[in-house]
Amino acid sequence: MSNKNNLYKLDGRVPVAQAVSFGLQHVLAMFVSNIAPIIILANAVGTSPALSAILIQNCMIIAGIGTLVQLYPVWRIGARLPIVMGISFTFLSLSISIATTQGMGTLMGAVIVGGIVEGILGLLARYWVRIISPIVAATVVTAIGFSLLPIGANSFAGGQGAADFGALHNWIVGSITLLTCLCFQIFARGILRSLSVLVGLIIGYILAMCMGMVDFSGLNNVSIFALPQILPFKPEFNIGAILSVIAIYLVAATENIGDASALCSGALKRDPTDKELGACVSCDGFISSLAGVFGCTPITTFCQNIGLINLSGVVNRFTIAMGAAIMILGGIIPVVGAVLATIPQAVLGGSTIIMFGSIMFTGFSMMAKCGFTERNMIIISLSLSVGLGFTQVNGLFGIFPQIIQTIFAENCVAIVFLLAVILNVVLPKEK
């Protein structure tokens, strides 16, 4: 069988040079989203530039390790699916709250304990995963796609809070990047078509350089090689912080199930097995505990990479593993990460919009497969209406305790999941 066809098989043999190209595409698609939560948290806490650099270095290594475990499982930990892992935005709000009031040590202790709880939950998935029926998974996948759209739009405009947000040069670079990806996706054939996002990133990056939008000042005094630092914060264990973080881990488990369902449905053309879903969740939990040891917040499955896989059709595990190796390399050779960090937000936005849209399309496809019965219509419409609508209104959850606000106020996926599960249980199967 040709190497070209092997790209579209989980275990096909692919030349290293070719695998590196496709693996690099995955790194570029998730790089900024992977380091952004750590950068935001470090700025909120007020860590030193040197410590912030260590945390960025560690989060690259953790993302690579988590991805490798998902690809090549250890016992029952890891789904053996082409899943890319990275630092989760889901925990950011709560992480800032705990770290600024109780310290990073308390946050890391909660991350470590909560990850173990989620990992055990994944190992016991056969006792509870059945409540995640196909229609529930389809609704959650659709909600994930919708929730990603503002992220792509903000990046397209230059990044939320940027001084040049919405400026003409961001529109130009983002639009040309998007058009390049689109043209290669439509008109290119074979490998070039599968590399459409990487080509768009390269063209957009070159254009941004010509327009003076790439800042190389961060490369000054960057060391060539550095080992990761373990336990940059001494873990402390506070029961309130632990319970709050565990609640967010339950939401993260739901997102993992939705992402794995989107991947299997879109790229592998089948439903995920209960074993795969449980193994995916257990990997997320136990590697998140390891992230706490490295001073990082929990990891999760990355929707943008699943969108990239669904878009390109490249599911080869060895190819994704090359991306994981690049992430680890970026962690022990900080200059690699520093160079990747110079990619402007507009370039990333232009290249990710179509990927985020593909997540929604996968959700729609899963819905169609379930059938548009009256029962399914109620589950989908009510869950999405409340989940997407209520989280757009500031202060709507103000009467509830803080932990409820933390879980639901800004997380539409959590609300959609909860409502979809409840409706799927209480609505009669027969009309």
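Calculation criteria
Residues numbered from 1 in each chain as written. Predicted model: local features only at pLDDT ≥ 70, side-chain atom pairs only at ≥ 80, totals over all residues. Heavy atoms only, no water. Helix = DSSP H or I, 4+ residues; strand = E, 2+ residues; numbered from the N terminus. Buried < 20%, exposed > 50% of the residue type's maximum accessible area, 1.4 Å probe, protein only. Contact = heavy atoms within 4.5 Å. Areas by Shrake-Rupley, 256 points an atom, 1.4 Å probe, with all protein chains shown as cover. Salt bridge = Lys/Arg side-chain N within 4 Å of Asp/Glu carboxyl O. Phe/Tyr/Trp six-rings, centres within 6.5 Å; stacked < 30°, edge-to-face > 60°. Axes fitted to C-alpha atoms, helices over the stretch in contact; angles between N-to-C directions. Parallel < 35°, antiparallel > 145°, perpendicular 65-115°, else oblique. Left-handed = near helix turned anticlockwise from the far one by under 90°. Nonpolar A, V, L, I, M, F, W, Y, C, P; charged D, E, K, R; others polar. Expected span 1.5 Å × (residues − 1). Arc of directions from axis to C-beta.

Details of the overall build of the chain
Move 1: Scanning the chain for helices and strands turns up 18 helices and two strands.
Move 2: Along the first, second and third principal axes, the C-alpha atoms of the chain reach 60 × 50 × 45 Å.
Move 3: Taken over 431 residues, the chain has a buried fraction of 57%.
Move 4: A sequence separation of at least 24 residues applies to 83% of the contacts in the chain between residues at least 6 apart.
Move 5: Accessible area of the chain: about 17,800 Å², with a carbon and sulfur share of 69%.

Comments concerning the pattern of salt bridges
Move 1: For the structure on display, the rule yields four salt bridges.
Move 2: In this structure, R317 engages D11 in a salt bridge whose closest nitrogen and oxygen atoms are separated by 2.6 Å. One end of the pair, R317, is in helix 13 (residues 317-332); the other, D11, is in the loop between helix 1 (3-6) and helix 2 (16-45), and 306 residues separate them in sequence.
Move 3: With relative accessibility at 46%, the residue D11 sits in the partly exposed group.
Move 4: Here R270 makes a salt bridge to E276, at a shortest N to O gap of 2.8 Å.
Move 5: What makes R270 partly exposed here is its relative accessible area of 27%.
Move 6: Taken together, the shared-partner salt bridges in this structure form one network comprising D11, R80 and R317.

A short note on the packing of aromatic side chains
Move 1: Applying the stated criterion across every chain, the model contains three aromatic pairs.
Move 2: Ring geometry for F156 against W171: centres 5.3 Å apart, planes inclined by 85°, an arrangement best described as edge-to-face. Within this pair, whereas F156 is found in helix 6 (residues 134-156), its partner W171 is found in helix 7 (residues 168-187), the two being separated by 15 residues in sequence.

Comments concerning the packing of helix 5 (residues 104-123) against helix 10 (residues 239-266)
Move 1: Two elements in contact, helix 5 and helix 10, have axes whose closest approach is 8 Å; the angle formed by their N-to-C orientations is 45°. Here helix 5 is positioned oblique relative to helix 10, judged by the angle of their axes. At the point where helix 5 passes helix 10, the crossing takes the right-handed sense. Where helix 5 abuts helix 10, its residues T106, A110, V111, V113, G114, G115, V117, E118 and L121 lie against A241, I242, V245, I246, Y249, L250, A252, A253 and N256.
Move 2: Grouping the constituent residues of the contact of helix 5 with helix 10 by class yields 13 nonpolar, four polar and one charged.

Examining the packing of helix 2 against helix 4 (residues 92-102)
In a pair of packed helices, the angle between the axes and the distance between the axes together describe the arrangement.
Move 1: As a packed pair, helix 2 and helix 4 sit with axes 10 Å apart at the nearest point and diverge in direction by 25°. The angle between the axes of helix 2 and helix 4 places the two elements in the roughly parallel class. Between helix 2 and helix 4 lies a crossing whose hand is right-handed. Taken together, the residues of helix 4 that come into contact with helix 2 (itself represented by P37, I40, L41, A44 and V45) are L92, S95, I96, A99 and T100.
Move 2: Classifying every residue of the contact of helix 2 with helix 4 by side-chain character gives eight nonpolar, two polar and no charged.

A word on helix 7
Move 1: The terminal C-alpha atoms of helix 7, which comprises 20 residues, lie 28 Å apart, in line with the 28 Å expected from a rise of 1.5 Å per residue.
Move 2: Turning to helix 7, its buried residues are N170, V173, G174, T177, T180, C181 and Q185. In an axial view of helix 7, the angular spread of the buried residues amounts to 125°, which keeps them on one side of the axis. Among the exposed residues of helix 7, those oriented more than 90 degrees off its buried face are L168 and F187.

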